[in-house]
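Here are the chains, one letter per residue:
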Amino acid sequence: MLFELPKLDYAYNALEPHIDARTMEIHHTKHHAAYTDKLNNAIAGSDLEGQSIEEILSKVSSLPVVIRNNGGGFYNHNLFWKVMSPKGGGEPSGDLADAIEKDFGSFENFIEEFSNAAATRFGSGWAWLIKTDSGLQVTSTPNQDNPLMDVSETKGIPILGLDVWEHAYYLHYQNRRPDYISAFRNVINWDEVSKRFR
Ligand code: MN
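## So, the nonpolar core
Counting residues in hydrophobic clusters, the biggest one holds 57 residues, and the most contacted among them are M84, F110, L160, L162 and Y180. When neighbours within four sequence positions are excluded, L160 is seen to be in contact with L79, V83, F110, F114, A127, W128, L129, F184, I188, W190 and V193.

Laid out in structure tokens, this is it:
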């Protein structure tokens, strides 16, 4: 059993004007497809075949670096497509809204902390909202690492992630990463984030 590139729940142009169609198409059909293929090539015929991606990531320190990079890339983009929606934006409600208020003081404080993590991640990487034993936390990771990995400084279950690799925004935003981060706010699928939180 190998991993499959997931289909998106919406068209490549569905997130415009916040994220452009060309970026979405290349990101999915080239970048995510390549992470998936390289992960599959790396695990084919080994005892990792058939294990869940979460299980593989949890012991990535003992595995070849190709699995860290491409297993991370596979998992991270699976999450990324799901936590965005053409009907996204706005604010969370229910238990997630309460938890954000409790752990960050307010939704606006959370947005500020998350945006800051995304803006200050040097080079390529991801900003995350994670669920930990002690509550919600914002963090960021380099490259295709994520907080499920045993090598991650901060560990937890990612419930929201933002890709800040240049391939995620450069065609439309060029060097204006902060503009891309602001635009992301308009496409966050809070229903999906709430589902992952629960
Ligand atoms: Mn990416």
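## Describing the coordination of the manganese ion
Only H27 (NE2), H77 (NE2), D163 (OD) and H167 (NE2) from the protein reach the manganese ion as donors, at distances of 2.0 to 2.1 Å. Along the chain, the residues that donate to the manganese ion are spaced as H-x49-H-x85-D-x3-H.

## Structural notes on unusual backbone geometry
Here E16 and P17 are connected by a cis peptide whose omega angle stands at 5°. Position of P17 relative to the elements: it lies in the segment before α1 (21–43). Backbone geometry places N143, a non-glycine residue, at a positive phi of 55°. Mapping N143 onto the fold places it in the loop between β2 (135–142) and β3 (157–163). We classify N143 as partly exposed; its relative accessible area is 41%.

## So, the pairing of β2
Where a strand is regular, its side chains alternate between the two sheet faces. Taken together, the eight bridges between strand β1 (residues 125–132) and β2 define a ladder with antiparallel strand orientation. If you follow A127 over to β2, its bridge partner there is S140. Linking β1 back to β2 in an antiparallel pair, the connection comprises two residues.

## A word on helix α7 (residues 177–184)
Every buried residue of α7 is listed here: R177, Y180, I181, A183 and F184. The buried residues of α7 occupy one face: seen down the axis, they fall within an arc of 160°. Where the residues of α7 are buried, they touch α3 (65–82), α5 (107–120), β3 and α6 (170–173).

## Details of helix α8 (residues 190–197)
Listed in full, the buried residues belonging to α8 are W190, E192, V193, S194 and F197. Packed against the buried residues of α8 are α3, α4 (94–104), α5, β1, β2 and β3.

## Quick notes on the side chain of N70
Position of N70 relative to the elements: it lies in helix α3. Take N70: its relative accessible area is 7%, and that puts it in the buried class. In contact with N70, other than residues within four places in its own chain, are A34, Y35, K38 and L39.

Rules of the game
Residues numbered from 1 in each chain as written. Predicted model: local features only at pLDDT ≥ 70, side-chain atom pairs only at ≥ 80, totals over all residues. Heavy atoms only, no water. Core = buried A, V, L, I, M, F, W, Y, C linked by side-chain atoms within 4.5 Å. Buried < 20%, exposed > 50% of the residue type's maximum accessible area, 1.4 Å probe, protein only. Contact = heavy atoms within 4.5 Å. Donors = N, O, S within 2.8 Å, 3.2 Å for Na, K, Ca; no water. Helix = DSSP H or I, 4+ residues; strand = E, 2+ residues; numbered from the N terminus. Pairing = 2+ DSSP bridges. Arc of directions from axis to C-beta.

Don't take any of this as a statement about function, it's just geometry.
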